[in-house]
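Below are the chains, spelled out letter by letter.
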Amino acid sequence: MEGPRSAAMPLFSARLREILASAVLPDLPSGVGASDEELVAWFEGHLTKVRQHFEGREGSSLLEFALEEGDEAIQRKLEDFLGVPMDWGCYNVTTWA
């Protein structure tokens, strides 16, 4: 992952690390994933596999974007990729946090 981060602000919440470390996921065995470093390494490996899966496949498409691109840019990319207009709103507002 790019960019500086402080130890006081981890990439993944303690609860997410706990959930992922106890899960059995492809290439993330149970007990692994308790640290940001383990999760970043797992995610980067997963991303590489996904990209390799789509590489050179005729008729296959993979859309990639970074959340940092912002809502408008991502919406445009999604609309272009899907070929339809998107109703872009906030539908997953957490009310219990």
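All of these numbers come straight from a predicted model, not from anything done at the bench.

Visitor: Please clarify how the pattern of salt bridges should be interpreted in this entry.
Guide: Proximity of charged atoms lets side chains of opposite charge pair with each other. Taken as a whole and judged by the stated rule, the model has 5 salt bridges. A salt bridge links E64 to R51, with the nearest nitrogen and oxygen atoms 2.6 Å apart. Of this pair, E64 sits in the loop between helix 2 (36–54) and helix 3 (71–82) while R51 sits in helix 2, and the two are 13 residues apart along the sequence.

Visitor: Is there a simple way to think about unusual backbone geometry in this case?
Guide: In terms of backbone geometry, most residues other than glycine have negative phi values and most peptide bonds are trans. Even without glycine at this site, D27 takes up a positive phi of about 65°. By the element assignment, D27 lies in the loop between helix 1 (14–22) and helix 2.

Visitor: How do you make sense of helix 2 when you look at a structure like this?
Guide: Because each turn of an α-helix spans 3.6 residues, side chains separated by three or four positions end up pointing in the same direction. Across its 19 residues, helix 2 extends 27 Å between first and last C-alpha, which sits within 8% of the 27 Å expected from 1.5 Å per residue. For helix 2, every residue scored as buried is listed here: D36, L39 and V40. In an axial view of helix 2, the angular spread of the buried residues amounts to 100°, which keeps them on one side of the axis. Opposite the buried face of helix 2, at more than 90 degrees from it, the exposed residues are E37 and Q52. Tucked inside the fold, the buried residues of helix 2 contact helix 1. One or two steps after helix 2, the chain reaches G56, where phi turns positive at roughly 75°.

Visitor: Whenever I open this one, the environment of L28 confuses me. Can you help?
Guide: Take L28: it is sitting in the loop between helix 1 and helix 2. Contact partners of L28, with chain neighbours within four places excluded, come to L20, A23, G33, L39 and W42.

Visitor: What is the right way to look at helix 3 in this model?
Guide: The terminal C-alpha atoms of helix 3 lie 16 Å apart, and with 12 residues this matches the ideal 16 Å at 1.5 Å per residue to within 8%. Within helix 3 the residues assigned to the buried category are I74, Q75 and L78. Buried positions in helix 3, seen along its axis, are confined to an arc of 100° and lie on one side of it. Along helix 3, the residues that are exposed and aim more than 90 degrees away from the buried face are E72 and D80. Residue G83 follows helix 3 closely and has a positive phi angle near 75°.

Parameters and conventions
Residues numbered from 1 in each chain as written. Predicted model: local features only at pLDDT ≥ 70, side-chain atom pairs only at ≥ 80, totals over all residues. Heavy atoms only, no water. Salt bridge = Lys/Arg side-chain N within 4 Å of Asp/Glu carboxyl O. Helix = DSSP H or I, 4+ residues; strand = E, 2+ residues; numbered from the N terminus. Expected span 1.5 Å × (residues − 1). Buried < 20%, exposed > 50% of the residue type's maximum accessible area, 1.4 Å probe, protein only. Arc of directions from axis to C-beta. Contact = heavy atoms within 4.5 Å.

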